[in-house]
Amino acid sequence: MVVPMLEVVGLHAAYGRIEVLRGVDLAVPKGAVVALLGPNGAGKSTLIKCISGLHTPTSGDLHLAGVHVQDAGADELARLGLCTIPEGRAVFPNLTVEENLRLISYAGVAADAVIDVAFSYFPRLRERRSQLAGTLSGGEQQMLAMSRALASDPALLLLDELSMGLAPLIVDELYETVAGIAASGVSILCIEQFADTALRVADYVAVMSGGRVVATGEPAEIRDSMVDVILGGAA
Ligand SMILES: Nc1ncnc2c1ncn2[C@@H]1O[C@H](COP(=O)(O)OP(=O)(O)OP(=O)(O)O)[C@@H](O)[C@H]1O
Ligand SMILES: [Mg+2]
(Lines give C-alpha, C1' and ligand atoms only; values in the text may rest on other atoms or scores of the structure.)
(Ligands and ions follow the chains in the order given, each with its own letter.)
Protein backbone atom coordinates (compact mmCIF):
# COMPACT_ATOMS: atom_id res chain seq x y z
CA MET A 1 0.00 0.00 0.00
CA VAL A 2 1.31 3.44 -0.87
CA VAL A 3 1.64 5.79 2.10
CA PRO A 4 -0.16 9.10 1.48
CA MET A 5 1.77 12.36 1.88
CA LEU A 6 -0.78 13.51 4.43
CA GLU A 7 -3.25 11.46 6.39
CA VAL A 8 -5.75 12.95 8.83
CA VAL A 9 -7.70 10.47 10.93
CA GLY A 10 -10.65 11.29 13.20
CA LEU A 11 -9.37 14.77 13.98
CA HIS A 12 -11.25 16.82 16.55
CA ALA A 13 -10.45 20.42 17.49
CA ALA A 14 -12.13 23.15 19.51
CA TYR A 15 -11.83 26.82 20.38
CA GLY A 16 -12.51 26.87 24.11
CA ARG A 17 -15.56 24.69 24.60
CA ILE A 18 -16.84 25.03 21.07
CA GLU A 19 -15.98 22.01 18.96
CA VAL A 20 -15.14 23.02 15.39
CA LEU A 21 -13.60 19.86 13.90
CA ARG A 22 -15.73 16.81 14.59
CA GLY A 23 -13.80 13.86 13.28
CA VAL A 24 -12.06 14.90 10.06
CA ASP A 25 -10.76 12.12 7.82
CA LEU A 26 -8.69 13.16 4.82
CA ALA A 27 -5.78 11.89 2.75
CA VAL A 28 -3.53 13.68 0.27
CA PRO A 29 -1.77 11.16 -2.01
CA LYS A 30 1.85 11.83 -2.96
CA GLY A 31 2.10 14.28 -5.84
CA ALA A 32 -1.64 15.03 -5.87
CA VAL A 33 -3.48 18.34 -5.66
CA VAL A 34 -6.43 18.08 -3.27
CA ALA A 35 -8.85 20.99 -3.10
CA LEU A 36 -10.79 21.57 0.11
CA LEU A 37 -14.15 23.22 -0.47
CA GLY A 38 -17.02 24.06 1.81
CA PRO A 39 -19.09 26.91 3.20
CA ASN A 40 -17.81 29.65 5.52
CA GLY A 41 -17.20 28.38 9.02
CA ALA A 42 -16.99 24.72 7.97
CA GLY A 43 -13.60 24.40 9.66
CA LYS A 44 -11.27 24.47 6.64
CA SER A 45 -8.79 27.00 8.03
CA THR A 46 -8.87 25.31 11.42
CA LEU A 47 -7.91 22.03 9.77
CA ILE A 48 -4.96 23.72 8.04
CA LYS A 49 -3.92 25.28 11.37
CA CYS A 50 -4.00 21.86 13.04
CA ILE A 51 -1.94 20.26 10.26
CA SER A 52 0.65 23.04 10.42
CA GLY A 53 0.98 22.91 14.21
CA LEU A 54 -0.65 26.28 14.87
CA HIS A 55 -3.66 24.83 16.68
CA THR A 56 -3.62 21.77 18.94
CA PRO A 57 -6.28 19.18 18.15
CA THR A 58 -8.23 17.63 21.03
CA SER A 59 -7.99 14.14 19.53
CA GLY A 60 -7.25 12.25 16.35
CA ASP A 61 -4.12 11.52 14.32
CA LEU A 62 -1.98 13.37 11.81
CA HIS A 63 0.60 11.59 9.65
CA LEU A 64 3.05 13.28 7.31
CA ALA A 65 4.58 10.77 4.87
CA GLY A 66 3.77 8.07 7.40
CA VAL A 67 5.34 9.91 10.36
CA HIS A 68 3.07 10.62 13.31
CA VAL A 69 3.18 14.42 13.70
CA GLN A 70 0.34 15.31 16.01
CA ASP A 71 2.77 16.68 18.63
CA ALA A 72 5.43 18.01 16.24
CA GLY A 73 6.49 21.65 16.47
CA ALA A 74 6.76 24.02 13.52
CA ASP A 75 10.51 23.31 13.13
CA GLU A 76 10.06 19.58 12.88
CA LEU A 77 7.16 19.98 10.44
CA ALA A 78 9.33 22.20 8.24
CA ARG A 79 12.11 19.60 8.32
CA LEU A 80 9.59 17.00 7.18
CA GLY A 81 8.81 19.19 4.19
CA LEU A 82 5.65 21.01 5.24
CA CYS A 83 5.15 24.56 4.00
CA THR A 84 2.02 26.61 4.75
CA ILE A 85 0.82 29.77 3.09
CA PRO A 86 -1.79 30.97 5.59
CA GLU A 87 -4.97 32.94 5.08
CA GLY A 88 -4.16 36.57 4.26
CA ARG A 89 -0.99 37.90 2.72
CA ALA A 90 2.03 36.28 4.29
CA VAL A 91 4.59 38.99 3.52
CA PHE A 92 6.40 41.63 5.56
CA PRO A 93 4.73 44.85 4.37
CA ASN A 94 7.51 47.24 5.44
CA LEU A 95 10.27 45.35 3.64
CA THR A 96 10.92 45.47 -0.10
CA VAL A 97 10.28 42.52 -2.39
CA GLU A 98 13.97 41.69 -2.44
CA GLU A 99 14.30 42.00 1.35
CA ASN A 100 11.33 39.66 1.78
CA LEU A 101 13.03 37.13 -0.49
CA ARG A 102 16.36 37.48 1.34
CA LEU A 103 14.58 36.74 4.58
CA ILE A 104 13.39 33.43 3.19
CA SER A 105 17.00 32.48 2.65
CA TYR A 106 17.47 32.35 6.43
CA ALA A 107 15.57 29.07 6.26
CA GLY A 108 18.73 27.54 4.84
CA VAL A 109 18.59 28.24 1.11
CA ALA A 110 21.08 30.66 -0.50
CA ALA A 111 19.55 34.10 -1.08
CA ASP A 112 20.53 34.29 -4.74
CA ALA A 113 18.93 30.93 -5.44
CA VAL A 114 15.69 32.04 -3.77
CA ILE A 115 15.62 35.24 -5.78
CA ASP A 116 16.38 33.43 -9.06
CA VAL A 117 13.55 30.96 -8.53
CA ALA A 118 11.10 33.68 -7.50
CA PHE A 119 11.87 35.91 -10.48
CA SER A 120 11.75 33.08 -12.98
CA TYR A 121 8.27 32.00 -11.79
CA PHE A 122 7.07 35.59 -11.38
CA PRO A 123 8.89 38.09 -13.67
CA ARG A 124 6.67 40.83 -12.28
CA LEU A 125 8.44 40.56 -8.93
CA ARG A 126 11.74 41.34 -10.63
CA GLU A 127 10.33 44.63 -11.96
CA ARG A 128 9.17 45.46 -8.44
CA ARG A 129 12.13 44.21 -6.47
CA SER A 130 12.71 47.56 -4.69
CA GLN A 131 9.04 48.24 -3.90
CA LEU A 132 7.71 47.82 -0.34
CA ALA A 133 5.73 44.58 -0.18
CA GLY A 134 2.83 46.35 1.53
CA THR A 135 2.29 48.50 -1.55
CA LEU A 136 2.15 45.58 -4.02
CA SER A 137 -1.21 44.58 -5.45
CA GLY A 138 -2.93 41.66 -3.75
CA GLY A 139 -1.93 39.30 -6.55
CA GLU A 140 1.69 40.41 -6.44
CA GLN A 141 1.78 39.90 -2.66
CA GLN A 142 0.47 36.39 -3.15
CA MET A 143 3.22 35.76 -5.74
CA LEU A 144 5.75 36.86 -3.14
CA ALA A 145 4.18 34.56 -0.55
CA MET A 146 4.29 31.69 -3.01
CA SER A 147 7.95 32.33 -3.70
CA ARG A 148 8.52 31.31 -0.10
CA ALA A 149 6.93 27.98 -0.79
CA LEU A 150 8.95 27.44 -3.95
CA ALA A 151 12.22 28.29 -2.22
CA SER A 152 11.71 25.84 0.61
CA ASP A 153 11.27 22.96 -1.87
CA PRO A 154 8.38 21.47 0.13
CA ALA A 155 6.99 17.95 0.04
CA LEU A 156 3.52 19.15 1.10
CA LEU A 157 2.19 22.61 0.45
CA LEU A 158 -0.87 23.94 2.29
CA LEU A 159 -2.60 26.92 0.67
CA ASP A 160 -5.40 28.75 2.48
CA GLU A 161 -7.46 30.78 0.00
CA LEU A 162 -4.81 31.84 -2.43
CA SER A 163 -7.50 33.65 -4.40
CA MET A 164 -8.94 35.75 -1.57
CA GLY A 165 -9.83 39.17 -2.89
CA LEU A 166 -8.09 38.72 -6.24
CA ALA A 167 -9.33 39.28 -9.78
CA PRO A 168 -10.13 36.08 -11.74
CA LEU A 169 -7.28 36.65 -14.21
CA ILE A 170 -4.69 36.81 -11.42
CA VAL A 171 -6.24 33.75 -9.78
CA ASP A 172 -5.80 31.81 -13.03
CA GLU A 173 -2.20 32.95 -13.23
CA LEU A 174 -1.47 31.85 -9.66
CA TYR A 175 -3.09 28.47 -10.20
CA GLU A 176 -0.99 27.92 -13.31
CA THR A 177 1.98 28.20 -10.98
CA VAL A 178 0.30 25.84 -8.51
CA ALA A 179 -0.11 23.31 -11.33
CA GLY A 180 3.57 23.75 -12.18
CA ILE A 181 4.59 23.14 -8.56
CA ALA A 182 2.42 20.02 -8.46
CA ALA A 183 3.95 18.79 -11.72
CA SER A 184 7.36 18.95 -10.05
CA GLY A 185 6.13 16.33 -7.54
CA VAL A 186 4.91 18.44 -4.63
CA SER A 187 1.69 17.34 -2.89
CA ILE A 188 -0.76 20.20 -2.38
CA LEU A 189 -3.80 20.76 -0.18
CA CYS A 190 -5.57 23.98 -1.10
CA ILE A 191 -8.60 25.65 0.37
CA GLU A 192 -10.40 27.43 -2.40
CA GLN A 193 -13.49 29.62 -2.39
CA PHE A 194 -13.91 29.50 -6.16
CA ALA A 195 -15.24 26.00 -6.74
CA ASP A 196 -14.70 26.26 -10.50
CA THR A 197 -11.02 27.03 -10.13
CA ALA A 198 -10.54 24.24 -7.60
CA LEU A 199 -12.39 21.69 -9.70
CA ARG A 200 -10.21 22.58 -12.67
CA VAL A 201 -6.80 22.24 -11.01
CA ALA A 202 -7.41 19.51 -8.44
CA ASP A 203 -6.89 15.77 -8.81
CA TYR A 204 -9.27 15.19 -5.90
CA VAL A 205 -11.79 17.33 -4.07
CA ALA A 206 -12.82 17.09 -0.42
CA VAL A 207 -15.93 18.90 0.76
CA MET A 208 -16.12 20.02 4.39
CA SER A 209 -19.29 20.92 6.19
CA GLY A 210 -19.98 21.26 9.90
CA GLY A 211 -16.48 20.20 10.93
CA ARG A 212 -16.33 16.99 8.90
CA VAL A 213 -15.31 15.93 5.43
CA VAL A 214 -18.68 14.98 3.97
CA ALA A 215 -17.54 13.96 0.49
CA THR A 216 -14.36 13.21 -1.42
CA GLY A 217 -13.90 12.31 -5.05
CA GLU A 218 -12.65 13.35 -8.41
CA PRO A 219 -13.72 16.82 -9.57
CA ALA A 220 -16.37 15.58 -11.99
CA GLU A 221 -18.13 13.45 -9.35
CA ILE A 222 -18.08 16.25 -6.80
CA ARG A 223 -19.28 18.84 -9.28
CA ASP A 224 -22.38 16.82 -9.99
CA SER A 225 -23.23 15.66 -6.50
CA MET A 226 -22.18 18.43 -4.11
CA VAL A 227 -23.14 21.70 -5.72
CA ASP A 228 -25.49 22.73 -2.91
CA VAL A 229 -22.99 22.16 -0.12
CA ILE A 230 -20.11 23.82 -1.97
CA LEU A 231 -22.13 26.90 -2.70
CA GLY A 232 -22.90 27.43 0.96
CA GLY A 233 -25.55 25.15 2.32
CA ALA A 234 -25.73 24.51 6.05
CA ALA A 235 -22.23 24.59 7.57
N1 LIG B 1 -9.57 31.82 16.98
C2 LIG B 1 -10.86 31.43 17.04
N3 LIG B 1 -11.54 31.52 18.22
C4 LIG B 1 -12.83 31.11 18.29
N5 LIG B 1 -13.52 30.60 17.25
C6 LIG B 1 -12.88 30.49 16.08
C7 LIG B 1 -11.53 30.90 15.90
N8 LIG B 1 -11.16 30.68 14.63
C9 LIG B 1 -12.26 30.16 14.03
N10 LIG B 1 -13.29 30.04 14.89
C11 LIG B 1 -14.62 29.49 14.59
O12 LIG B 1 -14.45 28.16 14.13
C13 LIG B 1 -15.34 27.88 13.05
C14 LIG B 1 -14.53 27.39 11.86
O15 LIG B 1 -13.71 28.44 11.39
P16 LIG B 1 -12.69 28.27 10.18
O17 LIG B 1 -11.92 29.53 10.10
O18 LIG B 1 -11.94 27.01 10.37
O19 LIG B 1 -13.71 28.11 8.96
P20 LIG B 1 -13.44 28.12 7.40
O21 LIG B 1 -14.04 26.88 6.86
O22 LIG B 1 -12.00 28.38 7.11
O23 LIG B 1 -14.33 29.35 6.93
P24 LIG B 1 -14.08 30.47 5.78
O25 LIG B 1 -14.49 29.81 4.49
O26 LIG B 1 -15.02 31.57 6.17
O27 LIG B 1 -12.64 30.87 5.82
C28 LIG B 1 -16.11 29.15 12.80
O29 LIG B 1 -17.37 29.04 13.43
C30 LIG B 1 -15.27 30.23 13.46
O31 LIG B 1 -16.07 31.28 13.95
MG1 LIG C 1 -10.93 29.92 6.19
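Thresholds applied
- Residues numbered from 1 in each chain as written.
- Chains lettered and ligands numbered in written order.
- Predicted model: local features only at pLDDT ≥ 70, side-chain atom pairs only at ≥ 80, totals over all residues.
- Axes fitted to C-alpha atoms, helices over the stretch in contact; angles between N-to-C directions.
- Helix = DSSP H or I, 4+ residues; strand = E, 2+ residues; numbered from the N terminus.
- Parallel < 35°, antiparallel > 145°, perpendicular 65-115°, else oblique.
- Left-handed = near helix turned anticlockwise from the far one by under 90°.
- Contact = placed C-beta atoms within 7 Å.
- Pairing = 2+ DSSP bridges.
- Near = placed C-beta within 6 Å.
- Nonpolar A, V, L, I, M, F, W, Y, C, P; charged D, E, K, R; others polar.

(A) Molecular detail of the packing of helix α4 (residues 111–121) against helix α6 (residues 138–151). Contact geometry of α4 with α6 gives a least axis separation of 9 Å together with a crossing angle of 125°. Here α4 lies oblique to α6, going by the angle between them. Of the two elements, α4 crosses α6, and the hand of that crossing is right-handed. Where α4 abuts α6, its residues Val114, Val117, Ala118 and Tyr121 lie against Ser147, Leu150 and Ala151.

(B) Seen up close, the pairing of strand β10 (residues 212–217). Judged from the five bridges that link them, strand β9 (residues 204–209) and β10 form a sheet pairing that is antiparallel. Note on β10: the bridge partner recorded for Ser209 is Arg212. What sits between β9 and β10 in their antiparallel hairpin is a turn of two residues, with Gly210 showing a positive phi close to 55°.

(C) Highlighting the site of ligand 1. In the vicinity of ligand 1, the residues found are Tyr15, Val20, Gly38, Asn40, Gly41, Ala42, Gly43, Lys44, Ser45 and Thr46. Residue contributions to the shell around ligand 1 peak at three residues, all from helix α1 (residues 44–51). When its residues are assigned to classes, the shell around ligand 1 shows three nonpolar, six polar and one charged.

(D) Summary view of the sheet that holds strand β7 (residues 156–160). On the basis of which strands lie adjacent, the open sheet formed by six strands has the order β6-β7-β8-β3-β9-β10 and mixed pairing. Two strands bound the open sheet, and with one partner strand each, they are β6 (82–85) and β10. For this sheet, the mean angle separating the axes of adjacent strands, direction not counted, is 15°. In this sheet, strand β8 (residues 187–191) lies alongside β7 in parallel orientation, the contact comprising five bridges. Each residue of the ladder has a partner; that of Leu159, found in β8, is Cys190. Helix α7 (residues 168–183) rests against β3 (33–37), β7 and β8 of the sheet, and its axis sits at about 150° to β8.

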